[in-house]
Amino acid sequence: MNPVRRSLIAVIALAPAFAPRVAHAQRGGQFMELNPPQPVESTSKIEVLEFFWYGCIHCYNLEPKIDSWLKTLPKDVEFRRVPAVFNDRWAHDAAIFYTFEALGLLDKLHRPFFDAIHRDRLRSDDAQSLKAWLEKQGVDPRKFDATVKSFGVQSKTKRAIRMTSGYQIDGTPAMAVHGRYTVGASEGMLEIVNNLVAAVRKNKP
């Protein structure tokens, strides 16, 4: 087994057990209140996270809606994607996401990579197929491989593992609002997120 994958599996095994959550129903779906809340990167803005996996067809189908929703995002809201990690395969894809980010190619390659997996049947864990796809996108596979193994990418991947556990994510897509709430996949998912953002805004000091 790849030593990078082995280390990530160890982190998954050591992740803390889920703490209790309180479920709330809202028109269009359900959300959960986290107890305790999770830390956020910025206290000046309302943080919204999307937990996803490149291999998840529901995440792929959500992408156009996310893109449209982002155009309406208020200035006091900060959105970030977090690759959920439940096993070594998901950790592998999370490392690819953070490698795109480290190379400054995330905006360019995020959607095409999704397309390649779900439209063109690319196997992200097939090294030769991934190499061919990267070359087609103008990415040097050797530079990509070196970046995947870098301390920065591996640290972010391990953090994604901890966040998946801390936010008690049990499936994708899922969203989180300011470390306090998680929203599971449903037709009204983004509407619930908007309502929770408004609630957080109203109660912010």
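Residues numbered from 1 in each chain as written. Predicted model: local features only at pLDDT ≥ 70, side-chain atom pairs only at ≥ 80, totals over all residues. Heavy atoms only, no water.

The subject of this paragraph is the nonpolar core. Formed by 42 residues in total, the largest nonpolar core has its most connected members in Phe51, Tyr54, Phe100, Phe113, Trp133, Phe144 and Tyr167. Per-element tally for this core: the top contributor is helix α3 (residues 88–102), with eight residues. (Core = buried A, V, L, I, M, F, W, Y, C linked by side-chain atoms within 4.5 Å. Buried < 20%, exposed > 50% of the residue type's maximum accessible area, 1.4 Å probe, protein only. Helix = DSSP H or I, 4+ residues; strand = E, 2+ residues; numbered from the N terminus.)

Turning our eyes to something else, we now look at the packing of aromatic side chains. Scanning the model with the defined rule gives 17 aromatic pairs in all. Arranged with centres 4.9 Å apart and planes meeting at 70°, the rings of Phe86 and Trp90 form a pair that is edge-to-face. Taking relative accessible area as the criterion, Trp90 reaches 12% and is therefore assigned buried. Members of the aromatic cluster, joined through ring pairs, are Phe52, Tyr54, Tyr60, Phe97, Tyr98, Phe100, Phe113, Phe114, Trp133 and Phe144. (Phe/Tyr/Trp six-rings, centres within 6.5 Å; stacked < 30°, edge-to-face > 60°.)

Considering all chains together, one arrives at 15 salt bridges under this definition. A salt bridge links Glu187 to Lys65, with the shortest nitrogen-to-oxygen separation between them at 3.6 Å. On the criterion of sequence distance, the pair formed by Glu187 in the loop between β6 (181–184) and α8 (189–203) and Lys65 in helix α2 (residues 57–70) is long-range, its members being 122 residues apart. For Glu187, a relative accessible area of 72% translates into the label exposed. Within this structure, Glu50, Glu63, Asp67, Arg81, Arg111 and Asp115 form a network of salt bridges that share partners. (Salt bridge = Lys/Arg side-chain N within 4 Å of Asp/Glu carboxyl O.)

The next thing to look at is the side chain of Ser124. Mapped onto the fold, Ser124 is located in the loop between α4 (106–118) and α5 (127–136). Assessed through its relative accessible area of 1%, Ser124 is described here as buried. Reaching out from Ser124, the side chain makes a polar contact with the side chain of Asp93 at a distance of 2.7 Å. Not counting residues within four places of it along the chain, the set of residues in contact with Ser124 comprises Arg89, His92, Asp93, Ile96, Phe113, Ile117 and Leu130. (Polar contact = N/O pair within 3.5 Å; in protein donor to acceptor, adjacent residues only side chain to side chain. Contact = heavy atoms within 4.5 Å.)

Because the α-helix completes a turn every 3.6 residues, residues three or four places apart line up on one side. With 15 residues, α3 extends 20 Å from end C-alpha to end C-alpha; this agrees with the ideal 21 Å at 1.5 Å per step. Taken as a whole, α3 has its buried residues at Trp90, Ala91, Asp93, Ala94, Ala95, Ile96, Phe97, Tyr98, Thr99 and Phe100. At the N-terminal end of α3, a side-chain oxygen is found 3.1 Å from the backbone nitrogen of Arg89, two or three residues along, and the residue is Asn87. Immediately beyond the C-terminal end of α3, within one or two residues, lies Gly104, with a positive phi of roughly 70°. (Expected span 1.5 Å × (residues − 1).)

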